[in-house]
Amino acid sequence: METQMHDYRTLSSLKNALHVLNCFTMDRPEKGITEIAEELQLSKSTVHRVMTTLAEEGFVRRDERTHRYRLGLSVLSLGGIIMSNLEIYREGQHLLESFVNRFDETVHLAVLEDYSTVYVSKLECKHPIQILTHLGRKNPLHCTSSGKAILAHQPPEFIEEVLRRGLEKATPNTLTDPEELSRSLTQVREDGYAMSRGELRDGVHSVAVPIRDYTRAVIGAVTVVGPAERFTETKMQSLARTLHGIAAEISSRLGYYERRRS
């Protein structure tokens, strides 16, 4: 019984530590003990113990002037390990660099995680727009071009679950009607690419092409993001043709190959 109680407390402390780390965001990168305690509904003494341990291991850093905390370099080290071992990142990075050098537009690699897309690579152009696209950021599937490019090729039961969870409205252009989104996904499968026209953020357009792995499953997408005034329908279609070549090359490097029709 005593061993079980010790194991329970250890797991509880671990969960608290993970919740604390996950509460830091790009919008709110610095937080105090009281703020974290209120957000996670934990006691301040518990949060203080967790933060002290995390600080000792380098996962958070305390500002001695403000007494507030930020994520530490140990988190960055772990992120570097993840990125260096993420195959889609390794195989796609130089292709993204070539794209930016040629077109001077911001490009991303996104992968599917649970019911969201996550950016695993981002290369900015010389005139980036102020949008919240950073590494590790999770975005909805239904209102991003990368999300729709991935979602369109998932099993029917997965798509049904996304629809069941609800389609949150981010802008007036967000597709929130299940039937309308389903028609849009059918169009994505026919076109081979997806577009988002101000559906996640007003005035921001994007286009994405899916990436497949050796199992033939769509696991990610390569996407270009820019302002609506520059990303016209014609330009996005032109960019999509180039993205097809990049996605095909990455997919091939991941073991995907086109089956010949008999």
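Here goes a summary of the coordinates provided. Every residue gets a number counted from 1 within its own chain, in the order that chain's sequence is written. Per-residue local features are limited, in this predicted model, to residues with pLDDT of at least 70; the limit for side-chain atom pairs, both in listing and counting, is 80 or more; totals at the level of whole chains, interfaces and linings are taken over all residues. The basis for every side-chain value is the complete set of non-hydrogen atoms in the structure, without hydrogens or water.

**A look at the sheet that holds strand E3 (residues 106-113)**
Basically, it comes down to this: What makes two strands pair is DSSP finding at least two bridges between them. Runs of E in the DSSP output that reach at least two residues are strands. Runs of H or I that reach at least four are helices, and both are numbered from the N terminus. Orientation is described by lines fitted to C-alpha atoms, with helices fitted over the stretch in contact, and by angles between N-to-C directions that extend from 0 to 180 degrees.
Spatial strand order, E5-E4-E3-E8-E7-E6: six strands in an open sheet with antiparallel pairing. Because the sheet does not close on itself, it has two edges, and the strands there are strand E5 (138-140) and strand E6 (194-197). Shown here is a sheet whose adjacent strand axes are inclined to one another by a mean of 30 degrees, direction ignored.

**Side note on the packing of aromatic side chains**
Put simply, the rule reads: Two aromatic rings, drawn from Phe, Tyr or Trp (for Trp, its six-membered ring), form a pair once their centres lie within 6.5 Å of each other, and the interplanar angle then sorts them: stacked below 30 degrees, edge-to-face above 60, tilted otherwise. Each residue is placed in one exposure class: buried if its accessible area under a 1.4 Å probe, protein chains only, is under 20% of its type's maximum, exposed if it is over 50%, and partly exposed if it falls in between.
Under the counting rule described, the total for this entry stands at two aromatic pairs. A centroid spacing of 4.8 Å and a plane angle of 20 degrees characterise the contact between Tyr115 and Phe158, whose relative ring orientation is stacked. With a gap of 43 residues between them, Tyr115 in the loop between E3 and strand E4 (116-123) and Phe158 in helix H7 (residues 156-165) connect regions that are remote in the sequence. Assessed through its relative accessible area of 15%, Phe158 is described here as buried.

**Concerning the pattern of salt bridges**
Inclusion rule: Salt bridges, as used here, are contacts in which a Lys or Arg side-chain nitrogen is within 4 Å of a carboxyl oxygen on Asp or Glu.
Across all of its chains, the model carries 15 salt bridges by this definition. A salt bridge links Glu64 to Arg62; its shortest N-O distance comes to 3.0 Å. Here Lys122 and Glu124 are joined by a salt bridge, their closest N and O atoms 3.2 Å apart. Residue classification places Lys122 among the partly exposed residues on the basis of a relative accessible area of 23%. Note on Glu124: relative accessible area 44%, which makes it partly exposed. Because the salt bridges share partners, they merge into one network encompassing Arg28, Glu30, Lys31, Glu35, Glu39, Arg68 and Arg70.

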